[in-house]
Amino acid sequence: MRGWWFVVRPIPRRLLIHSAALKTGKTEDEWGNPVWTGEIPLQRVRFEPTEKLKLSKDNKEVQCSLLMFFDTAHSTPSGQHFEVGQSIEWNGFLHEVAFVEFLYDDDRLHHLEVGLI
């Protein structure tokens, strides 16, 4: 059991070295290709390569190529939410959100791990 004095510190800012953009307002062009009308800049996040396997909502196995760490203390915009199917642009490529994990320190949200394909 943890005591009241034990609190997990936020992810250190020196590790949150990346920026990205969450694409918003998805529509389709005349050929059926996705088009985004806006974006939300994401600052002080971290991307790490991964080969993590997860089950999707429809019980299909999905292999992610990237994990994005979004810290609740340092990453911006604060309170940002991510949903499966959204797109994040990083390093010149669009990545689709495959899963979102909420990781807690006791009863407080510590950070999000966003799996990308």
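Below you will find a few notes about this structure.

About the thresholds
- Going along each chain's sequence as written, the residues are numbered from 1 onward.
- Only residues with pLDDT of at least 70 get local features here, since the model is predicted, and only at 80 or more are side-chain atom pairs given and counted; chain-wide, interface and lining totals rely on the full set of residues.
- Excluding hydrogens and water, the side-chain values take into account all heavy atoms of the structure.
- Counting from the N terminus, the helices are DSSP H or I runs at least four residues long and the strands are E runs at least two residues long.
- Only protein chains enter the accessibility calculation, which uses a 1.4 Å probe; a residue whose area is less than 20% of its type maximum is buried, one above 50% is exposed, and one in between is partly exposed.
- What makes two residues a contact is simply this: any of their non-hydrogen atoms within 4.5 Å.
- Each accessible area is a Shrake-Rupley estimate made with a 1.4 Å probe; only the visible protein chains count as cover when residues are assessed.
- Counted charges follow a simple rule, with Lys and Arg positive, Asp and Glu negative, and His plus the chain ends left uncounted.
- Just so you know, the charge point we use is NZ for Lys, CZ for Arg, CG for Asp and CD for Glu.
- What we call a nonpolar core is a set of buried Ala, Val, Leu, Ile, Met, Phe, Trp, Tyr and Cys residues that are connected through their side-chain atoms within 4.5 Å.
- Only strands that DSSP links by at least two bridges are regarded as paired with each other.
- In this analysis, axes come from line fits to C-alpha atoms, helices being fitted only over the stretch in contact, and the angle between any two N-to-C directions falls in the range 0 to 180 degrees.
- Any N or O atom pair separated by 3.5 Å or less is treated as a polar contact, with the protein-specific requirement of one donor-capable and one acceptor-capable atom, and with residues adjacent in sequence counted only for side-chain atom pairs.

Some points on the overall build of the protein
So, point 1. In terms of helices and strands, the protein carries 0 helices and 8 strands.
So, point 2. Ordered by position from the N terminus, the helices and strands of the protein form the series β-β-β-β-β-β-β-β.
So, point 3. Along the first, second and third principal axes, the C-alpha atoms of the protein reach 60 × 30 × 20 Å.
So, point 4. Relative to its 117 residues, the protein shows a buried fraction of 34%.
So, point 5. Counting only contacts in the protein whose residues sit at least 6 apart along the sequence, the fraction spanning at least 24 positions is 53%.
So, point 6. Carbon and sulfur atoms make up 53% of the accessible area of the protein, which totals about 7900 Å².
So, point 7. Once the 13 positive and 17 negative side-chain charges of the protein are each reduced to a mean point, those two points are 8 Å apart.

Quick notes on the nonpolar core
So, point 1. Counting 15 residues, the largest nonpolar core has L42, F47, M68, F82, I88, V114 and L116 as its most contacted members.
So, point 2. Elements supplying a minimum of two residues to this core: β1 (18–28), β2 (34–49), β5 (66–71), β6 (87–90) and β8 (108–116).
So, point 3. In this structure, F82 is in contact with L22, L42, M68, F70, I88, V100, L112 and V114, ignoring residues within four places of it in sequence.
So, point 4. V62, F69, A98 and F99 belong to the second-largest nonpolar core, a separate cluster that totals 8 residues.

Here's the deal with the pairing of β1
So, point 1. Here β1 pairs with β2 via 9 bridges, running antiparallel. Its bridge partner lying in β2, A21 is registered against P41.
So, point 2. Between the antiparallel neighbours β1 and β2 lie 5 residues, among them G32 with a positive phi of about 85°.
So, point 3. Relative to β6, β1 is paired through 3 bridges, and the arrangement is antiparallel. Within β6, the residue paired with A21 across the bridge is E89.

A look at the sheet that holds β6
So, point 1. Pairing is antiparallel around the closed barrel formed by 6 strands, whose spatial order is β1-β2-β5-β8-β7-β6. Between one strand axis and the next, the sheet turns by 45° as a mean value, whatever way the strands run.

Let's talk about the environment of T72
So, point 1. Tracing the backbone shows T72 in the loop between β5 and β6.
So, point 2. What makes T72 partly exposed here is its relative accessible area of 34%.
So, point 3. C-alpha separation for the pair T72 and L109, spaced 37 residues apart in sequence, amounts to 7.1 Å.
So, point 4. Not counting residues within four places of it along the chain, the set of residues in contact with T72 comprises L109, H110 and H111.
So, point 5. A polar side-chain atom of T72 sits 3.1 Å from the main-chain carbonyl oxygen of L109.
So, point 6. Among the polar contacts made by the side chain of T72, one reaches the main-chain carbonyl oxygen of H110 at a distance of 2.8 Å.

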